[in-house]
Every structure is written in C-alpha cells, then in structure tokens.
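Working through the structure, step by step
This is what each chain is made of:
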Amino acid sequence: MTVEKLRAALRGVPDPDWLATALDRIAAEPTAIARYFPAARRRCSRHDLPDLPGWSADEAARALMLASLRTDHVGQVETLYRTGDAAEKRAVLKALPLLPIGAAGVPLLLDAIRTNDTRLVAAALGPYARHLDPSAWRQAVLKCVFVGVPLAAVADLDDRADAELGTMLAALADERRAAGRAMPADATELLDRLTAAGQLQPREV
C-alpha cells in the first residue's frame, strides 16, 4: 500500500475539502490529528473502497492522516490506538507500514492479537507483521485459526511458514480431531503444503 494509492481511492469521498483541510492542518500541527482522526468516519463515510480491496473510506482517510504527520509518529500512533474505538485501532494498524517508525509499533500488534476481535487480529497480520519475531508471528497465525480469521489475511504467509508452525498446526489438528472438531480448510491446506514440502512428518490418522 502507498500514500498515492490511498489518495487515488479517496477521490470520491463525500467531503474532499474537509479531508484536504485535515491533511494540511495535521502536516502543520501534529496534535491536530486528535481532532480530525475520530471524525473521519462521519466526514468520509465507512463504505468499502472498490479501488482498494480490504479498505474502507474512513480507514484510508485515517491512514493518510497518519502519513501526513511530519513528527511524533510513534507518540501519535500509540495515543490514537490506545484511546480509539475498534475502527480507529484498525486504521492505525493498517497505516503502520506507511510510517517511518521501524519496529516501534510492534506492541500495538501484540495488543491487537491478544483480542478476540477478528478484524483487529486480521489488521495486525498485515504487511507490518514482518516486524514480529518468528515465535510471536507463529502464535499470531495460530490465533487466526482459533478465532476464525482467514489465513489469506496473513501477509507473507507462504514465505514465513516453517517447520515449527507446521508442528504447531499438526498438534492443533490432533487436538481438534480428538474433540470431534474440524480444522478450518485454509489451515488444513497450509498444513498439507508444509507436510508435502517435507517440513514436518506426515500426520498419523
């Protein structure tokens, strides 16, 4: 995702002048984001953006606001995430890859992954999740399986899935089979791919 794509997708928002003013004010005065960020849903709408699959208009507008900051990126994302509602938290998580903060946003990912809000968990497993260490990332993938987040939401899944994740998925599959419960189809497919690739021993059935 890029700032240019966000701007292009938001050309048809109901109040483009308001958004332009908000971005200019935030660029000039970082603290102004506290006033504009919560209002984005009301002024830009919450409809899905056809040119930006997986993004709503308010999420894209809020991501642009964060990208317009010239200073205090870390402080603002932490404040807006901690004080925001679920929609505002998702926007912060989805904006993280656009910001010059290195791995400073990882605590926010870990907080989101601890919740049972499937949309927050999915947002946390986007491109910025590359900053999660392997252990935390594997646990996050398992959390997706537990709460029903499609694994398609996990960025870089094929590149990062390894033998240890396969072993964890196999153990979960055994537990669910013993309890008479099925694994999600996408988790079963991932486990089968890892098994076929020789990254773990085939399961006993």
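Quick summary incoming for the structure in this document. Note that the structure is a prediction, hence the values are computed from the model and not measured.

As a further point, take unusual backbone geometry. Positioned with a positive phi, Ser45 is a non-glycine residue whose angle comes to about 85 degrees. As for its placement among the helices and strands, Ser45 is situated in the loop between α4 (40–44) and α5 (57–68). A positive phi angle, near 60 degrees, is found at Asp156, a position not held by glycine. Here Asp156 lies in the loop between α10 (134–147) and α11 (157–160). The partly exposed category is assigned to Asp156, whose relative accessible area is 40%.

This part takes up the pattern of salt bridges. Overall, the coordinates contain twelve salt bridges when judged by the stated rule. One salt bridge connects Asp15 with Arg43, and the closest N-O pair in it is separated by 2.6 Å. Taken together, the residues Asp15 in the loop between α1 (3–9) and α2 (16–28) and Arg43 in helix α4 connect sequence positions 28 residues apart. A relative accessible area of 27% means that Arg43 is categorised as partly exposed. Two residues, Asp158 and Arg193, come together in a salt bridge whose shortest N-O distance is 3.2 Å.

The rules we used
- Within any chain, residue numbers begin from 1 and follow the written order of that chain's sequence.
- Local features in this predicted model are restricted to residues of pLDDT 70 or higher, and side-chain atom pairs are both shown and tallied only at a pLDDT of 80 or more, whereas totals for entire chains, interfaces and linings draw on every residue.
- The side-chain quantities take in all heavy atoms of the structure and omit both hydrogens and water.
- Counting from the N terminus, the helices are the DSSP runs of H or I reaching at least four residues and the strands are the DSSP runs of E reaching at least two.
- Whether a residue is buried, partly exposed or exposed follows from its accessible area with a 1.4 Å probe, protein chains only, as a fraction of its type maximum: under 20%, in between, or over 50%, in that order.
- Only one rule defines a salt bridge in this text: a Lys or Arg side-chain nitrogen within 4 Å of an Asp or Glu carboxyl oxygen.

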